[in-house]
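Analysis of the macromolecular model
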Amino acid sequence: MSTTDDVLKANEEYVRNFDLGHLAVRPARHLAIVACMDARLTVEQFAGLKTGDAHIIRNAGGVVTDDVIRSLLISHYLLGTNEWIIVEHTDCGMLTFKDEELLSRLEKETGVVAHAPSNFYAFADLETNLRRQIAKVRAHPWVPRQILVRGFIYDIRSGRLNEIKA
Ligand SMILES: [Zn+2]
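The sections below set out a description of the structure shown in this document. Residue numbers here run from 1 along each chain, matching the order of that chain's written sequence. Only residues with pLDDT of 70 or above have their local features reported here, since the model is predicted, and side-chain atom pairs are shown and tallied only from 80 upward, although totals for entire chains, interfaces and linings are computed over all residues. Where side-chain values are given, they derive from all heavy atoms of the structure, hydrogens and water being excluded.

Generally speaking, soluble globular proteins have nonpolar side chains that are buried together. Among the nonpolar cores identified, the biggest contains 23 residues, and Leu72, Trp84, Ile86, Val137 and Val149 are the most heavily contacted of them. Secondary structure elements follow DSSP: runs of H or I of four or more residues count as helices, runs of E of two or more count as strands, with numbering from the N terminus. Where this core is concerned, the elements lending two or more residues are β1 (31–36), α3 (66–77), β3 (83–89), α5 (126–139) and β4 (148–154). Dropping the residues within four chain positions of it, Ile86 is found in contact with Val34, Gly62, Val64, Leu130, Gln133, Ile134, Val137, Val149, Arg150, Gly151 and Phe152. Buried Ala, Val, Leu, Ile, Met, Phe, Trp, Tyr and Cys residues form a nonpolar core when they are joined through side-chain atoms within 4.5 Å. Throughout this description, buried means an accessible area under 20% of the type-specific maximum (1.4 Å probe, protein chains only), exposed means over 50%, and partly exposed covers the range between. Core analysis: the second largest hydrophobic core is formed by 11 residues, Leu41, Phe46, Val87 and Tyr154 among them. Should any heavy atoms of two residues lie within 4.5 Å, those residues are considered in contact.

In structure tokens:
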């Protein structure tokens, strides 16, 4: 039995009690959250959200990549979100390596050079990186001025969100 088999088993149980089929496509709280994919962050739980409340966009580091901008633009223009939150966290794996090191390692282990990804977006300082992500969102020409964009560092030890002013 693989973990995927366990997932399918859990889904059967989920379906038996499922009662969310009525939810609207537009997030009820008009909120989008960009967060790190770290397995210790359960965004819905630490943010008090229910299914259908918000878009949750996750990747390694909670980095505002082109694809995150793509999702945020769709989130706002097509699905009505007008508050965006970026969440990074203490003890993030992205603090533990450098892009160049990982690139070299992968090229060595696989024996090939790949054209993508062009960046892993590893970073050395959490607050600086978070401010940079907020700035990237705010500076985008298609992001309307009136959208509230705030950034937080989630403390892995306490579960608390600490705001970092841009
Ligand atoms: Zn992380």
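Before going further, it helps to spend a moment on the sheet that holds β4. Pairing between the strands of a sheet comes from backbone hydrogen bonds, and it takes one of two forms, parallel or antiparallel. Paired strands, in this sense, are two strands between which DSSP finds at least two bridges. Taking strand neighbours across the sheet as the criterion, the five strands line up as β2-β1-β3-β4-β5 in an open arrangement whose pairing is mixed. Every interior strand has two partners, whereas the edge strands, β2 (54–59) and β5 (161–164), have only one. Averaged over all pairs of adjacent strands, the angle between their axes in this sheet comes to 25°, without regard to strand direction. In the sheet, β3 pairs with β4 via seven bridges, with the strands oriented parallel. Bridging from a neighbouring strand, Ile86 pairs with Gly151 of β4. Geometry is summarised by axes, namely lines fitted to C-alpha atoms with helices restricted to the contacting stretch, and by angles between N-to-C directions that run from 0 to 180 degrees. Strands in contact with α3 are β1, β2 and β3; relative to β2, the strand with the most contacts, it is inclined by about 175°. Its contacts with the sheet place α5 against β3, β4 and β5, and it is angled at close to 155° to β3.

So, on to the pairing of β5. Looking at chain direction, β4 and β5 are connected through four bridges and run antiparallel. Bridging from a neighbouring strand, Gly151 pairs with Ile164 of β5. Linking β4 back to β5 in an antiparallel pair, the connection comprises six residues, with Gly159 at a positive phi of about 85°.

Let us look at the coordination of the zinc ion. All of the protein donors around the zinc ion are Cys36 (SG), His89 (NE2) and Cys92 (SG); their distances to the metal are 2.0 to 2.3 Å. Read in sequence order, the donor residues for the zinc ion give the motif C-x52-H-x2-C. The class of Cys92 is buried, set by a relative accessible area of 3%. For Na, K and Ca the donor cut-off is 3.2 Å, while for other metals it is 2.8 Å, and in both cases only N, O and S atoms qualify; water is not among them, so sites may look incomplete.

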